[in-house]
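Secondary and tertiary structure notes
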Amino acid sequence: MEIEKEILAGLKNDLLTGDFDSFESTLSAKALISAFPNTLGEPIRNELGIQEYNQKSEQYSAREAVGKWKQHADTFQHITDARIDIHDVLEVKEEGVQLKVFVDVRGEHTSGQLQQERGWATLTCKKESGSWKIESFVMPEREVLSISKPLFTDITESSGLSTVPLYSRLEALRRGGYAISVGDLNGDGLSDIYVGGW
């Protein structure tokens, strides 16, 4: 889809780099864009060290929104992953299209916390002088998850599973197949996943 190439790929790159020049160039002059406050407020839930927040957005003009997005990007030491996935085409008109997208951004906050921000947005784009422009990006709310350290530990290397031999499907079935086990292996009260092959 042209919009993925012309708009979403650039926006994803801008989220990863914190430089929103590409995003700004795709905004129509009268674009209406959601932005969120930089402070999280009080968590709505705190379980296993994960704080969950729910934030409401405000709508801004194109120039104001780019400034807000840049300010927000500065609250991260680095962003490790950014996804903007199209889930549904809501409306198609001769002059444009309205899409339902899911936004998921993960990184390390300047506070040292690992943070994930995600939510649903409605993206409206229209053709202007032969290229796609964003008319609106409305994300009414987002969920923010924050934790000081990962709950999951990758033990692939230390358990020796990084060098498990791969067998053809027939050979794997003859040998009994591959296995996965879930249980509390180290007695910490959390489920551990152990994947093995023989």
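Residues numbered from 1 in each chain as written. Predicted model: local features only at pLDDT ≥ 70, side-chain atom pairs only at ≥ 80, totals over all residues. Heavy atoms only, no water.

**Things to note about empty space enclosed by the protein**
For the record, the criterion: The distinction between a cavity and a pocket rests on a 1 Å grid over the protein atoms alone: a 1.4 Å probe fits inside a cavity but cannot get out, while a pocket stays open yet meets protein on both sides within 12 Å along at least five of seven lines, and a residue with an atom within 4 Å of a point counts as lining. Grid points are joined across faces, edges and corners, and a volume is the space filled by probe spheres set on the points. Secondary structure counts use DSSP, requiring at least four H or I residues in a row for a helix and at least two E residues in a row for a strand, with both numbered from the N terminus. Each residue gets one label: Ala, Val, Leu, Ile, Met, Phe, Trp, Tyr, Cys and Pro are nonpolar, Asp, Glu, Lys and Arg are charged, and the others, such as Gly, are polar.
The tally for this structure, following the rule as stated, stands at two cavities of 30 Å³ or more. The calculated volume of the largest cavity comes to roughly 290 Å³. For the largest cavity, the lining is made up of 20 residues, of which Leu15, Trp69, His72, Glu117 and Arg142 are closest to its centre. Elements with a minimum of two residues in the lining of the largest cavity: α1 (2–17), β1 (27–35), α3 (62–73), β5 (76–93), β6 (96–109) and β7 (114–128). The residue makeup of the lining of the largest cavity, split by class, is 14 nonpolar, two polar and four charged. For the second largest cavity, the calculated volume is near 30 Å³. In terms of lining, the second largest cavity is formed by Pro37, Asn38, Leu40, Gln55, His72, Thr75, His109, Gln115, Glu117 and Arg142. Partitioned by chemical class, the residues of the lining of the second largest cavity number two nonpolar, six polar and two charged.

**Some thoughts on the environment of Leu90**
Applicable threshold: A contact between two residues is defined here by any heavy atoms of the two lying within 4.5 Å.
Here Leu90 shows up in strand β5. Sequence separation between Leu90 and Thr122 is 32 residues; the distance between their C-alpha atoms is 8.7 Å. Excluding anything up to four places from it in sequence, Leu90 contacts Gln98, Leu99, Lys100 and Thr122.

**Some thoughts on the confidence of the model for the protein chain**
Let me state the cut-off plainly: pLDDT measures the predictor's confidence residue by residue and takes values from 0 up to 100.
Looking at the protein chain, the pLDDT average stands at 86 and 90% of residues meet or exceed 70. Within the protein chain, no element has a lower average pLDDT than helix α4 (residues 169–174), which sits at 61, and none a higher one than β6, at 95.

**What about unusual backbone geometry?**
Outside of glycine, negative phi angles account for most residues, and trans bonds account for most peptide bonds. The condition is simple: Think of it in three bands: residues with accessible area under 20% of the maximum for their type are buried, residues over 50% are exposed, and the middle band is partly exposed, with areas taken using a 1.4 Å probe on protein chains only.
Despite not being glycine, Leu48 has its phi angle at roughly 55 degrees, a positive value. Along the chain, Leu48 turns up in the loop between β2 (45–47) and β3 (50–56). Leu48 gets classed as exposed once you look at its relative accessible area, which sits at 59%. At Ser129, a position not held by glycine, the phi torsion is positive, near 55 degrees. In this structure, Ser129 sits in the loop between β7 and β8 (131–138). Among the residues examined, Ser129 registers a relative accessible area of 84% and is labelled exposed.

**Details of the layout of surface pockets**
Taken as a whole, the second largest pocket encloses approximately 320 Å³ of empty space. Forming the boundary of the second largest pocket are 15 residues, of which Arg106, Leu114, Gln115, Gln116 and Ile147 lie nearest the centre. Looking at the lining of the second largest pocket, the elements that each hand over two or more residues are β5, β6, β7 and β9 (141–147). Tallied by class, the residues present in the lining of the second largest pocket amount to six nonpolar, six polar and three charged.

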